[in-house]
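Residue-level structure breakdown
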Amino acid sequence: MAAAAKIDPMHQFAIAPIAGEELVASPFMFTNSALWMLIVTAAIVVFMWGGTRRQLVPGRWQAAVEVVTGFVGNITRQNIGPEGRAFLPWVFTAFMFILFSNWIGALPLAIVGPHPFTVTSQFTVTGVLSLTSFAIVLAVGFWKHGLHFFSLFVPHGTPFILKILIAPIEFISFLVRPFSLGLRPFVAMFAGHILLEVFGNFVVQGLNAGIDGSPLGWAIAVLCFVFVIGVNALELLVGAIQAFVFALLTALYIKDAVHLH
Amino acid sequence: MELASAQVIGAGLAAIGVGAAAAGVGYVFGSFLQGALRNPSAAGGQTATMYIGFAAAELLGLMAFAVAMIILYAR
C-alpha cells in the first residue's frame, strides 16, 4: 500500500541555487529562477529574430511576429494616441516577458526532464515589472507637466467639496497601482499552478489506489486527469489575458501621465 | 483555539472573497456579451474597456487570495 504522500503545492515555487552554492544568500547566486528568466529571454529573442527578416510577403513566422507587434502597437495607439509610439518598447517588452514566462512555465516539460519554473509566479519579478511601469509614469508625468502633474488627482469639473473628498481617494488609488499591477500576473500564475499541482497529485494518488485494487481510484484519476488538462488550457488563456491586461493597464497609466485626464 | 487551526479557518473565510470576485468577473463578461449581441458592430471597440472592468473586478479576488495567503503563512 503506497502511503498517500502529503501534497506540497508550495515546493514548485522554491527558488534553489543551480550553481555557485558558496554564494548562498548573496544576490549573485544563480538560481532556477534566473535560469528560466534567461530561457524566456532567449525564446523571445529567437522568436523576434526569426520573424524580422523584412520580407515583403511575410512567411508564417514573420506573420506571427507581425500579429504580436501589431497587437501591442494597437494597445498603445488606441490608449495613448500618437505619442504612444515612444512607450511601445517598454509595453511590448513587459507583454512579451509575461506572456512567454507564463506559457513556458505551463509547458509539460517535466515529462521529459526539466521542471519548468514559472518566473512570473514570484512577486519579486512581477513587482519589478510593475515598479518599472510606475517609474515610467512618474518620470513622464513630472517631466511633461512638472508639478502640474498633481492635478491628476483632481478630476475636472468637480465641485469644491467633492474635490476635498476625491483627491485623497484618487491619491490612494494611484499609490495602489504598482502593487495591484504586479499582484495580478503573480497571483494568476501562483494560484493556477497550485491548482495544477494539487489535482496532479490527485491523479497520482488515484492511480496508486487503483493499482491497490480500488476501482474508485481509477475513476478519480481519470476525472482529475481530464480536469488537469482543462485547467492547463485555461492557464494558457489566463497567461495571455494577464499579459494583455498588464500591457493595457500600463498603457492606460501612461496615458494618464501624458494627457492628465 | 490553537493558532494553526485559527489560521486555517481565517484563510478559508478570506477565500470567500475569491468567490465574490468570480461573480464580479462573470458579470463583467456576461454584461459585455449581452451588449455585444445586441449591437455586434460596436462590440469590437469596447473589448479594451471590458478588460479594464475585468481587471478591476479580478483584482479584488486576488486581494482576497493575498489576504488568505498572508493569514495562512504569516507567523
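In this report, we go over the structure that sits alongside the text. (Residues numbered from 1 in each chain as written. Chains lettered and ligands numbered in written order. Predicted model: local features only at pLDDT ≥ 70, side-chain atom pairs only at ≥ 80, totals over all residues. Heavy atoms only, no water.)

**Side note on the overall build of chain A**
Heads up, the rule is: Helix and strand labels come from DSSP, where a helix needs a run of H or I of at least four residues and a strand needs a run of E of at least two; each type is numbered from the N terminus. Any residue under 20% of the maximum accessible area for its type is buried, any over 50% is exposed, and the rest in between are partly exposed; the area is computed with a 1.4 Å probe on protein chains only. Contact criterion: two residues are considered in contact whenever any of their non-hydrogen atoms come within 4.5 Å of each other. In this description, accessible areas are obtained by the Shrake-Rupley approach with a 1.4 Å probe, and a residue is regarded as covered only by the protein chains that are shown. Counted as positive: Lys and Arg. Counted as negative: Asp and Glu, with His and the chain ends omitted from the count. Note that the charge is assigned to NZ on lysines, CZ on arginines, CG on aspartates and CD on glutamates.
Of regular secondary structure, chain A possesses 6 helices and 2 strands. Each helix and strand of chain A, ordered N terminal to C terminal, gives the series β-β-α-α-α-α-α-α. Seen along its three principal axes, the alpha-carbon backbone of chain A occupies a region of about 75 × 55 × 45 Å. Taken over 261 residues, chain A has a buried fraction of 42%. Sequence-distant contacts in chain A: of pairs separated by 6 or more residues, those separated by 24 or more amount to 67%. Summed over its atoms, the accessible surface of chain A is roughly 14300 Å², and 75% of this surface lies on carbon and sulfur atoms. Taken together, the 11 basic and 10 acidic charged side chains of chain A have centroids lying 18 Å from each other.

**Notes on the packing of aromatic side chains**
Selection rule: Think of it this way: a Phe, Tyr or Trp ring, Trp meaning its six-membered ring, pairs with another when their centres are within 6.5 Å, and the plane angle makes it stacked under 30 degrees, edge-to-face over 60, tilted otherwise.
Evaluation of the coordinates by the stated rule reveals 21 aromatic pairs over all chains. Centre to centre, the rings of F13(A) and F190(A) are 4.6 Å apart; their planes meet at 35 degrees, and the pair counts as tilted. Of this pair, F13(A) sits in the segment before β1 (17-19) while F190(A) sits in helix α5 (residues 160-211), and the two are 177 residues apart along the sequence. Summarising the burial analysis for this pair, F13(A) and F190(A) share the class buried. Aromatic side chains F244(A) and Y51(B) sit 4.9 Å apart centroid to centroid with 85 degrees between the ring planes, which places their arrangement in the edge-to-face category. Note that F244(A) is positioned in helix α6 (residues 215-259) and Y51(B) in helix α4 (residues 47-73), a pairing that runs across two chains. Y51(B) shares its class with F244(A); the two are buried. One aromatic cluster is present, formed by F134(A), F142(A), F149(A), F150(A), F153(A), F171(A) and F174(A) through successive ring pairs.

Everything listed here is a matter of coordinates, which is why it stays silent on function.
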